[in-house]
Amino acid sequence: MMNDKNSQKIVDIIQNWARKHSIWVLAYGTGCGAIEIPPTMTSRYDAERLGVRGAATPRQADVLLITGYLTVKTMKRVIRVYEQMQDPKYVIGFGSCTINGGMYYDSYNTIKVLDKYLPVDVYINGCMPRPEAVLSGFAQLQKRIAEGRANGAQQYKDNLEWYRANQKKIIPNWIMPEYNW
Amino acid sequence: MKEIKENIIQRIKANFADAAEKNDFKDNRVDFSVKKETIPSILFYLKDEMGFIHLSHISCVDWLEEGELEVVFIVWSPKDKIKVFVRTRLDRDNPVMDNVDMIWRQANTYEREMREMFGVQFTGLVAPEEFLLEDWQGPPPFRRDFDTAAYAEKTFWHRPGREDAQDVRETIANRDGEEIPDFAKKYSR
């Protein structure tokens, strides 16, 4: 049955519908943007009504939020975390620092373009993005999941060498495991 | 307060011949420049004999034009409510000075940071090599001759579109038929 194209389509639709209503966000903040997560999650904006909740460990999480500037030192941990996450997994670039460097455009220690290193599904701009913007970003992610377009993880698997080369360019002393899925 | 300050200046000058006092207009602040060999003994004296038991900060200043690095120790006396600045100048090409973390243990952290960010070497400092930077291969980044923009340009990708640093206010105003007020025009590039 799974080989049948049309039934696979139906399975995908149901799967995506279920996935979009159950988004578990890894409780991991990289920069100053993490301060916008508590108001988003608590009673004022209440992201849980959209199915967005916090998860404690990478293996239980679906979404990795890169909240703000990402230093080279944190980059190692983020890659490690991202590669531990299980499918389905999505990345949200949060704040202008992940888009073009923001106010750290000439910093010696922060990356400027996140999507060279990790596959980003949704960008939220702003410095800082308010909780409304964060919720709008999650709504956008849900829309993309429902349409089956949030396939950053697949992109990462397919172009692993390219991503790895970019990551190794800024992390010369690579001590992390090499995965080969 | 004035008498206490005078008393501190007198005592330090009597004990340390090379201590040059910089006149400070503030009543609760005393400023001294010493040779780098004197630093451990003057800090020991301030802590043990004069009650400056609290190390507030150690910082480093890069005097690029004079070819020197200045290390500043700030100590605070809770009894007299006075802080003492102890400054010393190091050669910029070979900045070596004595480690002082046997006086205050927390000095170890400041020294690690200075070693990494300014390249100041502390003889006898026992600490892991890396502190804030990992895998750093360039020159010490807090020195003034380190060009962060050029380094970032070389190391990282930049998203195209912001290299001209164009002011978009004018474009938006033209598009929407708005008028930029006069006071805002002088900030436009």
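Residues numbered from 1 in each chain as written. Chains lettered and ligands numbered in written order. Predicted model: local features only at pLDDT ≥ 70, side-chain atom pairs only at ≥ 80, totals over all residues. Heavy atoms only, no water.

## Details of the overall build of chain A
- The helix and strand tally for chain A stands at seven helices and five strands.
- Helices and strands appear in chain A in the N-to-C order α-β-α-β-β-α-β-α-β-α-α-α.
- In terms of C-alpha radius of gyration, chain A reaches 17 Å, essentially the compact-globule figure of 16 Å for 181 residues.
- For chain A, the C-alpha atoms occupy an extent of roughly 55 × 45 × 25 Å along the three principal directions.
- Looking at the 181 residues of chain A, the share that counts as buried comes to 49%.
- If you take every contact in chain A between residues at least 6 apart in sequence, the share linking residues at least 24 apart comes to 76%.
- Total accessible area computed for chain A in this model is approximately 9,000 Å², and 52% of it derives from carbon and sulfur atoms.
- Averaging the coordinates of the 23 positive side-chain charges in chain A and doing the same for the 16 negative ones gives two points 3 Å apart. (Helix = DSSP H or I, 4+ residues; strand = E, 2+ residues; numbered from the N terminus. Rg over C-alpha atoms; globule rule 2.2 N^0.38 Å. Buried < 20%, exposed > 50% of the residue type's maximum accessible area, 1.4 Å probe, protein only. Contact = heavy atoms within 4.5 Å. Areas by Shrake-Rupley, 256 points an atom, 1.4 Å probe, with all protein chains shown as cover. Lys, Arg positive; Asp, Glu negative; His and termini not counted. Charge placed at Lys NZ, Arg CZ, Asp CG, Glu CD.)

## With respect to the packing of aromatic side chains
Residues and elements named next belong to chain A.
- Under the criterion given, the structure shown has twelve aromatic pairs over all chains.
- Taken together, a centroid distance of 5.1 Å and an interplanar angle of 80° make the contact between Trp 162 and Tyr 163 edge-to-face.
- For Trp 162, a relative accessible area of 42% gives the class partly exposed.
- Among the aromatic residues, ring-to-ring pairing joins Tyr 82, Tyr 156, Trp 162 and Tyr 163 into one connected group.
- Stacked on the ring of Tyr 82, the Lys or Arg Lys 89 has its end atom at 4.3 Å from the ring centre.
- The positively charged end of Lys 168 is found above the aromatic ring belonging to Trp 174, 5.5 Å away from the centroid. (Phe/Tyr/Trp six-rings, centres within 6.5 Å; stacked < 30°, edge-to-face > 60°. Lys NZ or Arg CZ within 6 Å of the ring centre and 35° of its normal.)

## A few points about the interface of chain A and chain B
- In this assembly, 27 residues from chain A lie in contact with 22 residues from chain B.
- Here chain A and chain B share an interface that buries about 2,000 Å² over both sides, 55% of which is from carbon and sulfur atoms.
- The largest contributions to the chain A side of the interface with chain B come from Lys 73, Tyr 108 and Lys 169 of chain A, which together make up 33% of the buried area.
- At the junction of chain A and chain B, the tally comes to four salt bridges.
- For Lys 76 of chain A, the salt bridge goes to Glu 134 of chain B, with nearest N and O atoms at 3.0 Å.
- At the boundary of chain A with chain B, the tally comes to eleven residue pairs in polar contact (both at pLDDT 80 or more). (Buried area = accessible area lost by both parts, 1.4 Å probe. Salt bridge = Lys/Arg side-chain N within 4 Å of Asp/Glu carboxyl O. Polar contact = N/O pair within 3.5 Å; in protein donor to acceptor, adjacent residues only side chain to side chain.)

## A closer look at the sheet that holds strand E4 (residues 68–77) of chain B
All names here are of chain B.
- Within the open sheet, the five strands sit side by side as E1-E2-E5-E4-E3. Their pairing is mixed. In this open sheet, the two strands that pair with only one neighbour each are strand E1 (20–22) and strand E3 (54–63). The average angle at which neighbouring strand axes cross in this sheet is 25°, direction not considered.
- Here E3 pairs with E4 via nine bridges, running antiparallel. By the bridge assignment for E4, Trp 63 is matched with Glu 68.
- Set on the sheet, helix H1 (residues 2–15) makes contact with E1, strand E2 (29–34) and strand E5 (82–91); between it and E2 the angle comes to about 15°.
- Set on the sheet, helix H2 (residues 39–48) makes contact with E2, E4 and E5; between it and E5 the angle comes to about 175°. (Pairing = 2+ DSSP bridges. Axes fitted to C-alpha atoms, helices over the stretch in contact; angles between N-to-C directions.)

## Remarks on the environment of Cys 32 of chain A
Residues and elements named next belong to chain A.
- Within the fold, Cys 32 resides in the loop between strand E1 (23–26) and helix H2 (37–41).
- Residue classification places Cys 32 among the partly exposed residues on the basis of a relative accessible area of 39%.
- As a C-alpha pair, Cys 32 and Pro 88 span 56 residues in sequence and 26 Å in three-dimensional space.
- Among residues more than four places away in sequence, those in contact with Cys 32 are Thr 67, Tyr 69 and Met 128.

## Examining the side chain of Thr 155 of chain B
- Looking at the secondary structure, you find Thr 155 of chain B in helix H4 (residues 148–155).
- The residues contacting Thr 155 of chain B, other than those within four sequence positions of it, are Lys 169 and Ile 170 of chain A.

## Section: the nonpolar core
Residues and elements named next belong to chain B.
- Ranked by internal contacts, the top residues of the largest apolar core, which has 41 residues, are Ile 12, Leu 43, Leu 46, Phe 73 and Val 86.
- Those elements that place two or more of their residues in this core are H1, E2, H2, E3, E4, E5 and helix H3 (107–117).
- By residue number, the principal contributor to this core is H2, which donates five residues.
- With residues near it in sequence (within four places) discarded, Leu 46 still touches Ile 12, Gly 51, Phe 52, Val 75, Val 84 and Val 86. (Core = buried A, V, L, I, M, F, W, Y, C linked by side-chain atoms within 4.5 Å.)

## Comments concerning the packing of helix H1 (residues 5–20) of chain A against helix H5 (residues 131–146) of chain A
Residues and elements named next belong to chain A.
- Direction vectors running N to C along H1 and H5 enclose 165°, while the axes themselves pass 8 Å from each other. Between H1 and H5, the angle falls in the class roughly antiparallel. Considering the relative orientation of H1 and H5, their crossing is right-handed. Seen from H1, the contacting residues are Asn 16, Arg 19 and Lys 20; seen from H5, they are Gln 142, Ile 145 and Ala 146. (Parallel < 35°, antiparallel > 145°, perpendicular 65-115°, else oblique. Left-handed = near helix turned anticlockwise from the far one by under 90°.)

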